[in-house]
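Each chain, written out:
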Amino acid sequence: MESITLNVKGMTCGGCVKSVTRILENTDGVAKAEVSLENKSAVIEFDATKTNVDALIEAIEDGGFDASL
């Protein structure tokens, strides 16, 4: 398992946090996602054989938020 912290922009409320968390947890290979509105970030544990950072960023952006390293 690998862990990465992504910056997530565009979250304004707890509903946004739930949306980003759900997006990440439904992404194949993601074991755990901790999303913080206060820190505007997502700490993600994932299996690098099943997904990668670019795919995680793309999943968040497809959900309507901006994500970056």
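Computed from a prediction, not measured in an experiment: that's the story for all the values here. (Residues numbered from 1 in each chain as written. Predicted model: local features only at pLDDT ≥ 70, side-chain atom pairs only at ≥ 80, totals over all residues. Heavy atoms only, no water.)

Observations concerning the pattern of salt bridges
Convention followed: A side-chain nitrogen of Lys or Arg and a carboxyl oxygen of Asp or Glu constitute a salt bridge if their distance falls within 4 Å. Burial status follows relative accessibility: with a 1.4 Å probe on protein chains alone, a residue under 20% of its type maximum counts as buried, one over 50% as exposed, and anything between as partly exposed.
Scanning the entire structure with this criterion turns up one salt bridge. Glu34 serves as the salt-bridge partner of Lys32, at 3.1 Å between the closest nitrogen and oxygen. Lys32 gets classed as partly exposed once you look at its relative accessible area, which sits at 39%.

Describing helix α2 (residues 53-62)
Put simply, the test is: Secondary structure elements are taken from DSSP: a helix is a run of H or I of four residues or more, a strand is a run of E of two residues or more, and numbering for both begins at the N terminus. Working definition: the arc comes from the directions between the helix axis and the C-beta atoms, pointing outward to the latter. Polar contacts, as counted here, are pairs of nitrogen or oxygen atoms within 3.5 Å of one another; within protein the pair requires one atom able to donate a hydrogen and one able to accept it, and residues that are adjacent in sequence qualify only if both atoms are side-chain atoms.
Inspection of α2 places Leu56, Ile57, Ala59 and Ile60 among the buried residues, and these make up the whole buried set. One face of α2 carries all of its buried residues, which in axial projection span an arc of 160°. Residues Asp54 and Asp62 are exposed on α2 and point more than 90 degrees away from its buried face. Where α2 begins, the capping side chain belongs to Asn52, and its oxygen is found 3.1 Å from the backbone nitrogen of Asp54. Positive phi shows up at Gly64, right after α2, with a value of about 100°.

Examining the sheet that holds strand β3 (residues 41-46)
Sheet strands pair via backbone hydrogen bonds, and the direction of the pair is either parallel or antiparallel. Short version of the rule: Two strands pair if DSSP finds at least two bridges between them. Where helices are involved, their axes are fitted lines through C-alpha atoms of the stretch in contact, as for all axes, and angles between N-to-C directions lie from 0 to 180°. It only takes one pair of heavy atoms within 4.5 Å for two residues to be counted as in contact.
In spatial order, the strands read β2-β3-β1-β4; together these four strands make up an open sheet with antiparallel pairing. A strand with exactly one partner marks an edge of an open sheet, and here the two such strands are β2 (30-36) and β4 (66-68). Between one strand axis and the next, the sheet turns by 25° as a mean value, whatever way the strands run. One ladder, built from three bridges, connects strand β1 (residues 2-9) with β4; its direction is antiparallel. Among the inter-strand pairings, Asn7 is bridged to a residue of β4, identified as Ser68. Sitting on the sheet, helix α1 (residues 14-25) is in contact with β1, β2 and β3, with an inclination near 165° to β2. Relative to β1, α2 is tilted by about 30°, and along the sheet it contacts β1, β2, β3 and β4.

Here's the deal with the nonpolar core
As a rule of thumb, soluble globular proteins bury nonpolar side chains together. For clarity, the cut-off: Think of a nonpolar core as a cluster: buried Ala, Val, Leu, Ile, Met, Phe, Trp, Tyr and Cys residues, connected wherever their side-chain atoms sit within 4.5 Å.
Met11, Val20, Leu24, Ile44, Leu56 and Ile60 are the most contacted members of the largest nonpolar core, which has 19 residues in total. When residues of this core are traced back to their parent elements, those giving at least two are β1, α1, β2, β3 and α2. Here the element with the most residues in this core is α1; it accounts for four residues. Ignoring sequence-local partners within four residues, the contact set of Val20 consists of Val8, Met11, Val35, Ile60 and Phe65.

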